[in-house]
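What the coordinates show
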Amino acid sequence: MTKAKQGSNSMWGGRFASGPAAIMAEINASIGFDKRLYQQDIAGSKAHATMLAAQGIISKADAAAIARGLDQVKAEIASGTFSFSTALEDIHMNVESRLKQVIGEPAGRLHTARSRNDQVATDMRLYVRDVVDALDAALAGLMLALAEKAEAHHATIMPGFTHLQVAQPVTFGHHCLAYVEMIARDRGRLRDARARLNESPLGAAALAGTPYPIDRKVTARALGFARPMRNSLDAVASRDYVLEVLAACSICAVTLSRLAEEIVLWTTAQFRFVKLSDKFTTGSSIMPQKRNPDAAELVRAKPGRILGAFMALAVVMKGLPLTYSKDMQEDKEPAFDAFDALALAIAATTGMVRDLEPDAAAMRAAAMTGYSTATDLADWLVRTLKMPFREAHHVTGRIVALAESKGLRLDELALADLRSVEARISKDVFKVLSVEASVASRTSLGGTAPRNVKKAAVEWLKQLKDR
C-alpha cells in the first residue's frame, strides 16, 4: 500500500488496503456541513484532554500542549485561514489532523478513551443547546416588540374574527398579546427540550464505554451538562433530542406563519389595517404601484422547510437498530437548515412588528361592520329584561335581520324599530351598541377591555425587560 493511499484514510488505521472510491468519498464525507460544529468539537476535546490528564491517563504536559494546539486550530477556523479536507471526512478528523501538524505526537493521545461516535453526539448536543439558547433570546425580543405594540395600542379598536368573518370588537393591543402568549409557549417547549438534551454522551466511546478510568462527571460539568448520560448505548444511538427541538421549532414556525398571514391580509387594500415601510416590502418589476409584503410571505413559507426537517430525521431514525449507523449523519443538514430558517423568520417577524403602523380609523370602521355588537345587545336583553339567553339570542337575530334589510348598523336603528321586535327595549340599549362600549365591557380575566390589555402589556414588559 502506498503512502498516498495510507494518508487518504489514516483515521481507519491498518485494516484497509486501499483508499475509497471517489463516489464513496463524496457520499461519506460530512465536512461540508459539520464544520459548523468546530467550536463545540474543540470545547469537547479540551474538556476530554483535561480530564484524561487529571485521571493520569495522559500527562499534564501533553494535555497542556493539546489545549494550546486546539486554541490555535480554533483561531484558524474562526479567521477563515483553516484548510478543510474532504479526505479527512469530518470536523473531528480535520481538527485532529491539524492538531498533529501543530503539536506533533501529543495530538495522537487526544482520542484515548473516546470514539467519533460519542464525540459527534457530544458536539451535536452542545450545538443544539446553543441553538435553543439563541432562539430563546430571539423569541424574547419578538415578545418584547409585540408587548410594546400592545401597550401603545391597548385601546385601539379592531374587529375580532371567527371564520375570518367579523365577530366582536377587540383591541389591537389584545390581538398582539395573543401572540405574546403563544410565543411564550413556544419558548417553553424549547426550554423543556433543552432540559432533556442537556446530558453528556462523552465517555460512552464507540458504544460500550471504555476500560480507561475516566471521570464522565468532570467532562459533563466542564461542558455545562447537567449530568452524564446513564447508558452508553443510548448515548451514541439517540437523536430524539434533535427531533424534539425540531418539533418545537415546527410549532413555533406555525405560530410565526399565522402572524405573517395576518400581516399579509392586514396590508391589503381590502383591509388597510396596517402599513409596512419600505424596509419590509418590495415592488413589482411591471406594476409600479405595488408594495408587496414579501417578508411576511416568506415567513409564512418557512414552516414547510422546518416541518420537512423534522419528518426527514424521523424517517432516518425510525428503522435504525442500536447503536450508531452512518444514516445518523443525515441528522445535521436538515436540522441546520431548519434552525437557520427559524432564526431568520424570527428576526424578520420582529422587524415587521416594530415597523408596522396600525391604521386606527380603518380598523375601527371595520369593527363597526358585520353587526359586531350583536352579542352586546343579547347580553343587554339578558341583564336588563331578565330574558333567557337563548330567547335573547333569537330576538337579537331578528333585530339584526331588520337592520340588514334597512342597510343600517344596529346603533343606527330607531328605538321604534327595536321595539317592533321587542316592546320592552328602552333607549338605554344604545349605550351598549358602540364598539367602544363593547370592548370596555369585556373585563373578565383575559378579556379585551383596554384596562385589561394595558395591565397585561405592562406585566409582560416588566417580565421581558427583567430577564
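Residues numbered from 1 in each chain as written. Predicted model: local features only at pLDDT ≥ 70, side-chain atom pairs only at ≥ 80, totals over all residues. Heavy atoms only, no water.

One finds V128, L146, V245, F339 and L342 to be the most contacted residues of the largest nonpolar core, which totals 96 residues. At 15 residues, helix 11 (residues 240-266) tops the list of elements feeding residues into this core. Those residues in contact with V128 that lie beyond four places of it in its chain are L197, Y241, V242, V245 and F339. (Core = buried A, V, L, I, M, F, W, Y, C linked by side-chain atoms within 4.5 Å. Buried < 20%, exposed > 50% of the residue type's maximum accessible area, 1.4 Å probe, protein only. Helix = DSSP H or I, 4+ residues; strand = E, 2+ residues; numbered from the N terminus. Contact = heavy atoms within 4.5 Å.)

Bringing helix 16 (residues 389-406) into the picture now. The first and last C-alpha atoms of helix 16 sit 25 Å apart over 18 residues, in line with the 26 Å expected at 1.5 Å per residue. Taken together, the buried positions of helix 16 are occupied by A392, V395, T396, I399, V400 and A403. Take helix 16 and look down its axis: the buried residues cluster within an arc of 145 degrees, on one side only. Along helix 16, the residues that are exposed and aim more than 90 degrees away from the buried face are R390, H394, E404 and S405. The inward-facing, buried residues of helix 16 contact helix 15 (374-385) and helix 17 (415-421). At the C-terminal side of helix 16, G407 shows a positive phi close to 70 degrees. (Expected span 1.5 Å × (residues − 1). Arc of directions from axis to C-beta.)

Time to look at the pairing of strand 1 (residues 157-162). Of the pairings in the sheet, the one linking strand 1 to strand 2 (residues 165-171) comprises six bridges and is antiparallel in character. The residue bridging T162 from the neighbouring strand is Q165, located in strand 2. Adjacent in sequence and paired antiparallel, strand 1 and strand 2 are bridged by two residues, among which H163 carries a positive phi angle near 60 degrees. (Pairing = 2+ DSSP bridges.)

Counted under the stated rule, the structure contains 30 salt bridges. In this structure, the salt-bridge partner of D331 is R239, at a minimum N-O distance of 3.0 Å. Here D331, found in the loop between helix 12 (294-317) and helix 13 (332-355), pairs with R239, found in the loop between helix 10 (232-237) and helix 11; they are 92 residues apart in sequence, far enough to count as distant. Of the two residues examined, D331 and R239, each falls in the buried class. (Salt bridge = Lys/Arg side-chain N within 4 Å of Asp/Glu carboxyl O.)

In this structure, N292 sits in the loop between strand 5 (274-275) and helix 12. Expressed as a C-alpha distance, the spacing of N292 and D130, which sit 162 residues apart in the sequence, is 35 Å. Setting aside its immediate chain neighbours within four residues, N292 contacts F280, T281, T282, G283 and S284.

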